[in-house]
Amino acid sequence: MPEGEVSDFHRCLTTLDLVVLGVSSTLGNGVYLLTGDVARAVAGPSTIISFVIAAVTSFLTALCFAELGTRVPKAGASYIYSYVAMGEIWAFITGWTALMSYIIGTSSLAKAWSVIFDELTGKVLSNILSKQTAMHVPGLAVYPDFFAAGFTIILVGILAFGVKEVASVHRILLTIDLLVILFVTVSGFIKGNIHNWAIIEDFIKCEYKNHTSLNGTTRYGHGGFFPFGFKRTIVGTAACFTGYCGFDCIAQIGEQAQNPEKSFPVSIVVAHVICFLSYLGVSAAMSLMMPYYLLSAQNPLSVAFAYVGWIPAKYVVSVAALCALLTSLLGTIIQMVHLLFAMSRDGVLFRFLSKLNNRQSPFIAIMVSAAVAAIMALLFDLTALTDMMAMGVILSFTFVVICILKIRHQADFSKDTALSETEPFSVIALINPPAQCTPWTSKNVSILTGIFFVLAFILSFFIKEMTDYLQALQLWSLLRVLVI
């Protein structure tokens with residue numbers, strides 16, 4: 001955004017509005033889908049540990065967003081931060097990566113909402129559409145999901161009334177969601193059994209006589225709190241990290257905050273703490289109520305309540321899941337629209353997309369976003385694209401961390417013109433840099449940051465390719481990893 005440009009957005013969002021939008025965008029499929037999937041097949045009861053480790057990692061990333069948000073309170077989040085710190089080319093890459101992630105995320109959440117709603121109605125929609133409009137094209141969905149496409153258009157249209165009105169809807173839905181999460185947590189400790197955290201392998205083999213082979217043991221683990229080993233707990237951490245990827249919604253709408261310098265850090269930290277406590281309570285309650293290997297990957301909480309005999313509660317949880325997915329979907333749409341607006345305002349996309357209507361909403365950007373997301377929800381099978389969405393989010397987060405290093409070590413020539421003088425190379429200065437940033441230290445930070453990420457990529461590649469050798473403690477593999 002050009003220097004001195006005044007924002008056309010109306011600054012109407014309070015700290016509470018930012019907290020509500022951040023929490024509602026983060027909670028959703030994470031609480032009602034991700035927790036059961038990780039507990040059942042990846043980490044077992046130690047999913048709690050996975051969420052704790054993921055919380056620490058995501059909290060550090062959230063602090064980076066909080067600092068950059070106070071420095072650059074403009075729409076665009078990772079895109080605008082890359083624009084300010086690294087230039088237009090890197091901002092273009094970051095922006096398109098994040099934009100595609102938001103579009104895929106919007107379509108995926110719309111289809112997930114459609115699936116859950118279809119389950120509650122006895123699969124009436126899927127039965128009719130699969131018979132009347134079946135598609136037999138590789139890469140596309142089994143049938144066009146008209147419900148998901150129409151639902152996406154309606155929700156994106158709601159955003160045209162203004163983000164303040166959307167925040168009011170979020171408050172109501174989030175209140176329902178948090179009350180149900182509190183109910184699930186308390187119910188888990190009431191109806192839970194601590195022995196579900198200490199199931200022995202012999203009990204699993206006795207209960208599943210058809211799975212006493214190695215394949216069966218691999219499928220259900222060895223019991224205990226770490227049924228698949230601590231290694232799988234770390235693997236579960238990577239999956240749990242995606243459950244915290246929603247706080248950047250606060251950064252995307254920073255241009256509409258009343259006092260971004262104070263609201264940004266407070267709202268991001270408070271939203272992150274609420275999400276962490278929610279994940280911790282739900283994952284603990286769920287694994288206490290029933291054995292981890294009996295959990296459902298599609299609807300774990302409903303199955304858990306049915307297991308303990310609380311049948312009415314399963315319907316309450318299903319309705320809460322719809323509310324949570326709805327708030328997550330609205331949050332993803334807000335991020336998508338604001339990023340599209342920011343990129344078009346800077347000329348990276350067509351400038352007419354940045355025009356605002358009389359309600360201070362980028363109406364054209366909203367309609368274009370609705371059309372693209374609705375088409376994807378209508379036609380495509382988004383199972384494979386979900387992994388691409390996660391990779392896009394992680395990549396944009398990586399650029400945010402790099403931006404922090406760049407902005408912190410940029411020399412300010414307006415304060416001291418002597419800083420522009422060329423400095424000779426010195427190893428001592430490299431180890432013990434001066435307190436004030438200079439062009440020389442700024443250049444060194446850029447170079448060292450690039451070298452660090454190249455080495456991190458090479459190290460990750462070697463660890464992935466040499467997992468078997470490292471587990472066997474092969475000396476040559478250990479030496480290669482240590483050298484890198």
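Residues numbered from 1 in each chain as written. Predicted model: local features only at pLDDT ≥ 70, side-chain atom pairs only at ≥ 80, totals over all residues. Heavy atoms only, no water.

**A closer look at the overall build of the protein chain**
And then number 1: Tallying secondary structure elements over the protein chain gives 21 helices and zero strands in all.
And then number 2: By the burial criterion, 50% of the 484 residues in the protein chain qualify as buried.
And then number 3: Sequence separation of 24 or more characterises 77% of the internal contacts of the protein chain that already satisfy a separation of 6 or more.
And then number 4: On the protein chain, roughly 22800 Å² of surface is accessible, and the fraction owed to carbon and sulfur atoms is 69%. (Helix = DSSP H or I, 4+ residues; strand = E, 2+ residues; numbered from the N terminus. Buried < 20%, exposed > 50% of the residue type's maximum accessible area, 1.4 Å probe, protein only. Contact = heavy atoms within 4.5 Å. Areas by Shrake-Rupley, 256 points an atom, 1.4 Å probe, with all protein chains shown as cover.)

**Observations concerning the side chain of Asp145**
And then number 1: By the element assignment, Asp145 lies in the loop between helix H6 (124-132) and helix H7 (146-159).
And then number 2: In terms of polar contacts, Asp145 uses its side chain to reach the backbone amide nitrogen of Ala148, at 3.1 Å.
And then number 3: Ignoring sequence-local partners within four residues, the contact set of Asp145 consists of Lys111, Ser114, Ala377 and Leu378. (Polar contact = N/O pair within 3.5 Å; in protein donor to acceptor, adjacent residues only side chain to side chain.)

**Quick notes on the packing of aromatic side chains**
And then number 1: Per the stated rule, a full pass over the model turns up 17 aromatic pairs.
And then number 2: Between Trp197 and Phe225, the aromatic rings sit 5.4 Å apart at their centres with planes inclined by 70°, giving edge-to-face as the arrangement. A residue pair is termed long-range when its members are at least 10 positions apart, and Trp197 in the loop between helix H8 (163-191) and helix H9 (201-207) and Phe225 in the loop between helix H10 (214-220) and helix H11 (230-241) qualify at 28 residues.
And then number 3: The class for Trp197 is partly exposed, based on a relative accessible area of 21%.
And then number 4: With a centroid separation of 6.2 Å and an interplanar angle of 20°, the aromatic rings of Phe305 and Trp310 are classed as stacked. (Phe/Tyr/Trp six-rings, centres within 6.5 Å; stacked < 30°, edge-to-face > 60°.)

**Considerations on empty space enclosed by the protein**
And then number 1: A full pass over the atoms with the stated rule returns three cavities of 30 Å³ or more.
And then number 2: Quantified by volume, the largest cavity comes out at close to 50 Å³.
And then number 3: Contributing to the lining of the largest cavity are Ser114, Val115, Asp118, Leu125, Ser126, Leu129, Tyr143, Asp145 and Phe147.
And then number 4: Those elements that provide at least two residues to the lining of the largest cavity are helix H5 (88-120) and H6.
And then number 5: Across the lining of the largest cavity, the residue classes break down as five nonpolar, two polar and two charged. (1 Å grid on protein atoms, 1.4 Å probe; cavity = no way out; pocket = protein on both sides within 12 Å on 5 of 7 lines; lining within 4 Å. Points joined across faces, edges and corners; volume = space filled by probe spheres on them. Nonpolar A, V, L, I, M, F, W, Y, C, P; charged D, E, K, R; others polar.)

**Focus: the pattern of salt bridges**
And then number 1: Following the criterion strictly, the structure yields three salt bridges and no others.
And then number 2: For Arg171, the salt bridge identified is with Asp17, shortest N-O distance 2.5 Å. Pair noted here: Arg171 is in helix H8 and Asp17 is in helix H1 (residues 15-26), with a separation of 154 residues, a long-range link.
And then number 3: According to the relative accessible area criterion, Asp17 is buried, its value standing at 1%. (Salt bridge = Lys/Arg side-chain N within 4 Å of Asp/Glu carboxyl O.)

**A word on the nonpolar core**
And then number 1: Among the nonpolar cores identified, the biggest contains 112 residues, and Tyr32, Phe65, Tyr79, Tyr81, Leu99, Val184 and Ile333 are the most heavily contacted of them.
And then number 2: Looking at this core element by element, the count peaks at 20 residues for helix H15 (residues 311-345).
And then number 3: Not counting the four nearest positions on each side in its chain, Phe65 is found in contact with Ala77, Ser78, Tyr81, Phe247, Asp248, Ala251, Phe264, Ile268, Phe397 and Val400. (Core = buried A, V, L, I, M, F, W, Y, C linked by side-chain atoms within 4.5 Å.)

**With respect to helix H2 (residues 29-43)**
Because an α-helix packs 3.6 residues into every turn, residues spaced three or four apart end up facing the same way.
And then number 1: The end-to-end C-alpha distance of H2, which contains 15 residues, comes to just 18 Å, noticeably less than the 21 Å that a straight helix rising 1.5 Å per residue would cover.
And then number 2: For H2, the set of buried residues is Gly30, Val31, Tyr32, Leu34, Thr35, Gly36, Val38, Ala39, Val42 and Ala43. (Expected span 1.5 Å × (residues − 1).)

**A closer look at the packing of H5 against H7**
And then number 1: Axis separation between H5 and H7 bottoms out at 9 Å; the angle between their running directions is 120°. Classified by the angle their axes make, H5 and H7 are oblique. Considering only the axes of H5 and H7, their crossing is right-handed. In contact with Thr106, Ala110, Lys111, Trp113, Ser114 and Phe117 of H5, H7 contributes Phe147, Ala148, Phe151 and Thr152.
And then number 2: Split into classes, the residues belonging to the contact of H5 with H7 amount to six nonpolar, three polar and one charged. (Axes fitted to C-alpha atoms, helices over the stretch in contact; angles between N-to-C directions. Parallel < 35°, antiparallel > 145°, perpendicular 65-115°, else oblique. Left-handed = near helix turned anticlockwise from the far one by under 90°.)

**Observations regarding H1**
And then number 1: Across its 12 residues, H1 extends 17 Å between first and last C-alpha, which sits within 8% of the 16 Å expected from 1.5 Å per residue.
And then number 2: Of all 12 residues that make up H1, 10 are buried, and the element is covered over most of its length.
And then number 3: Those residues of H1 that sit buried are Asp17, Leu18, Val19, Val20, Leu21, Gly22, Val23, Ser24, Ser25 and Thr26.

**A look at the confidence of the model for the protein chain**
And then number 1: Summing up the model confidence of the protein chain, the mean pLDDT is 75 and the portion of residues at 70 or higher is 76%.
And then number 2: When mean pLDDT is taken per element in the protein chain, helix H13 (residues 260-289) scores highest with 87 and H10 scores lowest with 46.
And then number 3: With pLDDT under 50 throughout, residues 1-6 is counted as low confidence; its partners more than four residues away or in other chains account for 10 contacts.
And then number 4: Within the model, the stretch residues 210-218 combines pLDDT values under 50 with 10 contacts to residues more than four positions away or in other chains. (pLDDT = per-residue confidence, 0-100.)

**So, the side chain of Ser328**
And then number 1: Counting through the fold element by element, Ser328 comes out in helix H15.
And then number 2: Judged by its relative accessible area of 2%, Ser328 is buried.
And then number 3: Those residues in contact with Ser328 that sit more than four places away from it in its chain are Ser24, Ser25, Leu27, Gly28, Asn29 and Leu109.

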